[in-house]
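These are the residues of each chain, in order.
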Amino acid sequence: MPAPLSLLIDCVHGQSGGSPRVVQLRRTGQECLLRALSQVPDPRDRRGVRHGLPAVMAMAIAAVLAGSRSFYAIGQWIADASQKTLTTLGARQDPVSGRYLGPDEKTVRRLCGLVDGDALDGALGRWLQRRLLLAQAARSRVGRTRRQAARRAKAAGQRRTRKSTRDRHVPLMPGIAVDGKTTRGARTDTAKAPHLLAAVTHGGVVLAQRQIADKSNEITAFIPLLQPLDLTGFVVTADAMQTQRANARFLREQKDAHFIFPVLDNQPTLFDRLDTLTWTDVPITARTQDRDRGRHEIRTIQVLDAPQDLNFPHVKQVVLINRTVTQKGKTTYQAMLYVTSLTAEHTNPADLLAHIRGHWTVEATHWVRDVTYAEDASRIHTGNAPRIMASFRNLAISLLRLDDITNIAAALRHNARKNRRVLKRLGLPPA
């Protein structure tokens, strides 16, 4: 049941052609999406602007949350939206007819190509982080029976939770995964496809995104990406490219966060030192076993205190993960080395194993963007539009993950059937 509305009000400024839409805040203090979007600078000349930036962005986000993949589809969704939906999303009112009017496809496309991607990602990330905190607080206050959860999931087209994930270990400290993705469909004859680095919670909520500058790489974008976030008490996981001493110092000394970094051949001295440790004498302290769709996977973990002569800052423990995968009668083996700033007092081997496994949540988010939203097949390539559309997709996936949605495609179809479901996901009160 939605929380009742308080008398606190806020107005979205910058609208022309009619009175501004009044936006109410809930008693929980949850900030309205329109108010968050009003913090993004409008790059257009004020003369002739008919649709405010918050309203245009909110309608585009709502359309993507209903499954739209292109600007053409977004324009169709806005054209089909009811007066109540348009009013709720901050549309302007025609002074002559009194009807609420939404922007057309060209307006959405042009604005998305001009808007500052860093400003938009920052506003959406801050809004999502507050939504995440409120969702966590709500779960701690109000319990939901398994039967109620199953009934709601079935109504939304969600399959039953897989056996391999029902009793998965949940670590005490929350985790954030950092990884990048290239929007390949945006490549042109004269410009490279934009490469986007994202910070995603191990629950699937995208808190930050940053575009990699030309002639640069993910390493230089790691600290700027995480700088605005409050990471106190978080465990940051990344791929081997980010196993850098500067990143370790930044997380421990500036952000009061911990790290778990893999060690590969890009750090040959560190890799050789860890590889020569007597792992055969170290006992296996945690183990997971998954059987799903004909795939049998076993993971084991061995943990040692970090050697004194290890030339890497703030490392307290070193980890060896062995993975055995059997599929269609074929068995493969893989061993990975990790360094972490977590001590035995901070965590246990089962938590470490869960954090390392949780890093793949960012890969799952990229997979949804590729497969469900067909991002790599998209032909959007003008200005900042590819990045802005990626931000919209990240937000839609994150909002569904906040509600424990696992089948994103089914949830998008569920949202597309009724606009009030989209508005509910966005936390917007009915007009």
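In case you missed it, the structure is sitting above this.
Conventions and cut-offs
Residues numbered from 1 in each chain as written. Predicted model: local features only at pLDDT ≥ 70, side-chain atom pairs only at ≥ 80, totals over all residues. Heavy atoms only, no water. Helix = DSSP H or I, 4+ residues; strand = E, 2+ residues; numbered from the N terminus. Buried < 20%, exposed > 50% of the residue type's maximum accessible area, 1.4 Å probe, protein only. Contact = heavy atoms within 4.5 Å. Areas by Shrake-Rupley, 256 points an atom, 1.4 Å probe, with all protein chains shown as cover. Salt bridge = Lys/Arg side-chain N within 4 Å of Asp/Glu carboxyl O. Core = buried A, V, L, I, M, F, W, Y, C linked by side-chain atoms within 4.5 Å. Pairing = 2+ DSSP bridges.

Participant: I'd love a proper account of the overall build of the chain, names of residues and values included.
Facilitator: Counting secondary structure elements, the chain contains 16 helices and 13 strands. Taken across its 431 residues, the chain has 51% of its residues classed as buried. Once local pairs closer than 6 in sequence are excluded, the contacts in the chain between residues at least 24 apart make up 64%. Carbon together with sulfur atoms contributes 51% to the accessible area of the chain, which is approximately 22000 Å² in total.

Participant: An account of the pattern of salt bridges is needed here, citing residue identities and associated values.
Facilitator: Inspection of the entire model under this criterion finds 18 salt bridges. With its nearest N and O atoms 2.8 Å apart, the salt bridge here joins Asp42 to Arg44. Residue classification places Asp42 among the partly exposed residues on the basis of a relative accessible area of 32%. By relative accessible area, which is 11% here, Arg44 ends up buried. Between Asp45 and Arg47 there is a salt bridge whose closest N-O contact spans 3.0 Å.

Participant: Just give me the short version of the nonpolar core, but keep the residues and values in it.
Facilitator: Counting residues in each nonpolar core, the largest one holds 96 residues, and the members touching the most others are Leu226, Leu251, Phe392 and Leu426. Top element by residues in this core is helix α2 (residues 53–65). It accounts for 12 residues. Residues contacting Leu226, with those up to four places away along its chain left out, are Val178, Ala199, Leu231, Val236, Phe250, Leu251 and Lys255. Core analysis: the next-biggest nonpolar cluster, separate from the first, contains 14 residues, Val235, Ile301, Tyr338 and Leu353 among them.

Participant: So, the pairing of strand β5 (residues 175–182): which residues are in play, and what are the values?
Facilitator: In regular strands, side chains alternate between the two faces of the sheet. Burial within β5 is extensive, with seven of its eight residues counted as buried. By the bridge criterion, four bridges tie β5 to strand β8 (residues 235–238) in an arrangement that is parallel. The residue bridging Ala177 from the neighbouring strand is Thr237, located in β8. Relative to strand β6 (residues 195–201), β5 runs antiparallel, the two being bridged by seven bridges. Bridge assignment links Asp179 to a residue of β6, and that residue is Ala198.

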